[in-house]
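# Remarks on the overall topology
Read off the chains here:
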Amino acid sequence: METRSAHPELEADRRADRKTWLYFACFLFASFVVESLSDQHLLTRTGDPYPNLPWLSQATSHGIILALTPFITIMLSRFPLSAGQWRVNLLIHAAATVAFSGVHILAMVALRKLLSPLIFGFPYEFGLADVSVWLYEYRKDVLTYTLIAALFWLNRMVEQRDLEAQGARRDARDLHRLTLKSGGRSYFVDAADVIWARAAGNYVEVVTQGRTYLARMTLTELVRLLEAAGDHHRRVHRSHVVNFQHVREIAPTGEGDVVLRLDTGDEVPGSRRYRDRFDPGIAA
């Protein structure tokens, strides 16, 4: 029977979610301990007859939040906050906070009413008839929903970026071409066509014979792609990369640095730090 592998993007999201679950569970447990200890200390100082009650209160609240986290991840998958639909989907997530908060409040109150008489010997009262109580809890739940959604969404974005980087390296290695993202588009450029490149803030300016691309990537990422492609590019400066097939002259500046003059008429600075790459034999 033929089986189909899951789509790489979906697998990347699942991979990110598994990692995030671990981080979030550790954070939630730490929050539970800190909140419980703080509330217990306050009740002890004020002489409350039940100073251990916060452990039950915090356990039920944090436990229900952990149980509801899959609801948020499902909402992120069905209504992603990506370009195109983010405005509509943001409204859907805003409505989802109401459902999240309602279930959170009702479930934790039900658990407290069930467990409080068994553990402490008195009935638990929360005050659900008071609208202000619901509003108070809802404000906190909106923040909780937002933080959880942001945490999972950001980790998914990181995993997707890694997936794209792996695909770009495969293209460089197998097809000897670079994938450059610029202006919301993806351009495919033969590695051999890259004459030189330089870092420009969060971008890299990639110069070819017919066009200059402003790609959203680091110079280190570009160097990795060029190395995977196996062409004649070398990093000659912390912010410059050169195709040595276009180098016609390497002129010292008198300060240990050099200037590389290309057959295109461009001049590229070379740093002392990369002097081992200025050997003319590299260009042969």
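Criteria and thresholds
Residues numbered from 1 in each chain as written. Predicted model: local features only at pLDDT ≥ 70, side-chain atom pairs only at ≥ 80, totals over all residues. Heavy atoms only, no water. Buried < 20%, exposed > 50% of the residue type's maximum accessible area, 1.4 Å probe, protein only. Helix = DSSP H or I, 4+ residues; strand = E, 2+ residues; numbered from the N terminus. Pairing = 2+ DSSP bridges. Axes fitted to C-alpha atoms, helices over the stretch in contact; angles between N-to-C directions. Contact = heavy atoms within 4.5 Å. Salt bridge = Lys/Arg side-chain N within 4 Å of Asp/Glu carboxyl O.

## Quick notes on the pairing of strand β10 (residues 267-270)
The side chains of a regular strand alternate, first on one face of the sheet and then on the other. Only one face of β10 is covered, namely the one carrying Val268 and Gly270; the face carrying Glu267 and Pro269 has none of its residues buried. Alignment of strand β9 (residues 258-262) against β10, held across 4 bridges, turns out to be antiparallel. Paired with Val259 across the strands is Pro269, a residue of β10. Linking two consecutive strands that pair antiparallel, namely β9 and β10, is a turn of 4 residues; a positive phi of about 95° is found at Gly265 within it.

## Quick word on unusual backbone geometry
If you check the backbone angles, His176 has positive phi at about 55° while not being a glycine. Among the residues examined, His176 registers a relative accessible area of 41% and is labelled partly exposed.

## Here we look at the pairing of strand β3 (residues 194-200)
Two strands pair when backbone bridges link them, and β3 and strand β4 (residues 203-208) are joined in this way by 6 bridges, in the antiparallel orientation. For Trp196, the partnering residue across the bridge sits in β4 and is Val207. Count of turn residues in the β3/β4 antiparallel hairpin: 2 residues, of which Gly201 carries a positive phi of about 70°. As paired strands, β3 and strand β7 (residues 240-243) are joined by 3 bridges and run antiparallel to one another. Within β7, the residue paired with Trp196 across the bridge is Val242.

## A few points about the sheet that holds β7
Taken in spatial order, the 5 strands line up as β5-β4-β3-β7-β6 in an open sheet, and their pairing is antiparallel. The open sheet has two free edges, formed respectively by β5 (212-215) and β6 (233-237), since each of these has just one partner strand. Across the sheet, the axes of successive neighbouring strands diverge by a mean angle of 20°, strand direction being ignored.

## Comments concerning the side chain of Ser239
Mapped onto the fold, Ser239 is located in the loop between β6 and β7. Residue class for Ser239 comes out buried when judged on its relative accessible area of 15%. With near-sequence residues (within four places) excluded, Ser239 lies in contact with Ala197, Arg198, Ala199 and Leu219.

## Here's the deal with the pattern of salt bridges
Opposite charge on two side chains lets them pair, provided their charged atoms get close. Summed over all chains, the structure comprises 13 salt bridges. Put simply, Asp257 and Arg272 hold a salt bridge, and the shortest N to O gap is 3.7 Å. Here the residue Asp257 occupies a position in the loop between β8 (247-252) and β9, and Arg272 occupies one in the segment after β10, the gap between them amounting to 15 residues. Taking relative accessible area as the criterion, Asp257 reaches 23% and is therefore assigned partly exposed. One connected set of salt bridges, linked through shared partners, spans Arg15, Lys19 and Glu159.

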